[in-house]
Amino acid sequence: MPDDEGYTLNNMKIDVDMADITNAGEAGINLDIKAEDGSKKVYTIAINKISNLEIESVVIDSEEILYNEELSRFEKLVQNGANPEIVITAENKNQIVRLLDEAGNQIAEGIGILRYNAVLSTDKLEDNYIIKVISHNGEDVGSKSYDLKIRQKSTETGISYAKVDGLGMIESEDGLEYHAEVSRTDEHDLKIKLKDENASVKILDLERKYSYR
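Below you will find a few notes about this structure. Remember, it's a predicted structure, so these values are computed and weren't measured experimentally.

Rules of the game
Residues numbered from 1 in each chain as written. Predicted model: local features only at pLDDT ≥ 70, side-chain atom pairs only at ≥ 80, totals over all residues. Heavy atoms only, no water. Helix = DSSP H or I, 4+ residues; strand = E, 2+ residues; numbered from the N terminus. Rg over C-alpha atoms; globule rule 2.2 N^0.38 Å. Areas by Shrake-Rupley, 256 points an atom, 1.4 Å probe, with all protein chains shown as cover. Lys, Arg positive; Asp, Glu negative; His and termini not counted. Charge placed at Lys NZ, Arg CZ, Asp CG, Glu CD. Phe/Tyr/Trp six-rings, centres within 6.5 Å; stacked < 30°, edge-to-face > 60°. Buried < 20%, exposed > 50% of the residue type's maximum accessible area, 1.4 Å probe, protein only. Lys NZ or Arg CZ within 6 Å of the ring centre and 35° of its normal. Salt bridge = Lys/Arg side-chain N within 4 Å of Asp/Glu carboxyl O. Pairing = 2+ DSSP bridges. Contact = heavy atoms within 4.5 Å. Patch = residues over 30% accessible without salt bridge, like charges linked within 9 Å, V, L, I, M, F, W, Y side chains within 5 Å.

**Points about the overall build of the protein chain**
Here is step 1: Helices and strands together make up the secondary structure of the protein chain, namely zero helices and 16 strands.
Here is step 2: For 213 residues, the compact-globule formula gives about 17 Å, and the C-alpha radius of gyration of the protein chain, at 32 Å, lies well above that figure.
Here is step 3: Principal axes of the C-alpha set define a box for the protein chain whose edges measure 110 × 35 × 30 Å.
Here is step 4: By element, 46% of the accessible surface of the protein chain is carried by carbon and sulfur atoms, the whole surface being about 15,900 Å².
Here is step 5: For the protein chain, the distance from the average site of its 25 positive side-chain charges to the average site of its 43 negative ones is 5 Å.

**Topic: the packing of aromatic side chains**
Within a pair of aromatic rings, the relevant descriptors are the distance that separates the centres and the angle that separates the planes.
Here is step 1: Counted under the stated rule, the structure contains three aromatic pairs.
Here is step 2: A ring pair is formed by Tyr67 and Phe74, whose centres lie 5.0 Å apart and whose planes are at 70°; its orientation type is edge-to-face.
Here is step 3: We classify Tyr67 as partly exposed; its relative accessible area is 32%.
Here is step 4: The exposure class of Phe74 is buried, given its relative accessible area of 6%.
Here is step 5: With 6.4 Å between their ring centres and 85° between their planes, Tyr67 and Tyr146 make a pair best called edge-to-face. Remark: Tyr146 occurs in strand E11 (residues 143-152) and Tyr67 occurs in the loop between strand E4 (63-64) and strand E5 (74-78); sequence separation between them is 79 residues.
Here is step 6: Owing to a relative accessible area of 7%, Tyr146 belongs among the buried residues under this scheme.
Here is step 7: Site record: aromatic cluster; members linked through ring pairs are Tyr67, Phe74 and Tyr146.
Here is step 8: Positioned above the aromatic ring of Tyr7 is the side chain of Lys34, whose terminal nitrogen or guanidinium carbon lies 4.5 Å from the ring centre.

**With respect to the pattern of salt bridges**
One side chain can pair with another of opposite charge once the charged atoms of both are near each other.
Here is step 1: Scanning the model with the defined rule gives eight salt bridges in all.
Here is step 2: The residue Lys132 makes a salt bridge to Glu139 at a minimum N-O spacing of 2.6 Å.
Here is step 3: Judged by relative accessible area, which is 18%, Lys132 ranks as buried.

**Quick word on unusual backbone geometry**
Here is step 1: Although it is not a glycine, Ser72 adopts a positive phi angle of roughly 60°.
Here is step 2: Within the secondary structure, Ser72 sits in the loop between E4 and E5.
Here is step 3: Despite not being glycine, Asp165 shows a phi value in the positive range, around 55°.
Here is step 4: Residue placement: Asp165 occurs in the loop between strand E12 (159-164) and strand E13 (167-168).
Here is step 5: According to the relative accessible area criterion, Asp165 is partly exposed, its value standing at 40%.

**Some details on the sheet that holds E13**
Here is step 1: Reading across from one edge, E13-E12-E16 is the order of the three strands in this open sheet, with antiparallel pairing throughout. Both edges of this open sheet fall to E13 and strand E16 (190-194), since each of them pairs with a single strand only.
Here is step 2: Here E12 pairs with E16 via five bridges, running antiparallel. From the neighbouring strand, Ala162 faces E16, where its bridge partner is Ile192.

**Observations regarding the side chain of Arg151**
Here is step 1: Residue position: Arg151 is located in strand E11.
Here is step 2: One buried charged residue, Arg151, forms no salt bridge at all, with the nearest opposite charge on Glu126 at 4.9 Å.
Here is step 3: Sequence-distant contacts of Arg151, that is, excluding residues within four places in its chain, are made with Lys76, Leu77, Val78, Leu125, Glu126 and Asn198.

**Focus on a nonpolar patch on the surface**
Here is step 1: Among the surface-exposed residues, Met12, Ile14 and Val16 lie close enough to one another that they form a single nonpolar patch of about 250 Å² accessible area.
Here is step 2: Given a relative accessible area of 42%, Ile14 falls into the partly exposed group.

Okay, here's the thing in structure tokens:
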């Protein structure tokens, strides 16, 4: 208990009410320490309430995208040639939300929520963005960045190579036919490698006997 002068012996427990600091800010407390012989010294205690710079949601074309902890980014796969709508919402609706391109140039901004219709690249399949949440009290008070990748589905249907028994095949001028001459043995090893790692291939001639490797 404090004495008549308001001093508490040896230790003090204080409940600091920061309810009036709705976002980021500082609570300062001045302490007057009196020694046993009566000498005094003043100390300042500063308690900082950090900004809430978290993202509540990232929605692309009406689908919420979860943050990939392993890759440390938000990521979305869209149709080739799409112009997806990006909606980014901050947990603290007072914070500034910015969308930057890969080079760090600002392309969109909002308060609490950002909406942007992306114009994706025509010469590559991946577009990388930076989401930046900034304290409404200023960037010097706090900011946090998140990576966002939007990848267009590939339209590549080409064959990288076709080999029979380890030897390359002759490709037609239009690239739609491959030809090879083989020995008279009954079985031959045909290997097909597609240009795009995400493309798929299947056999249409079901009358002949095949086995997959």
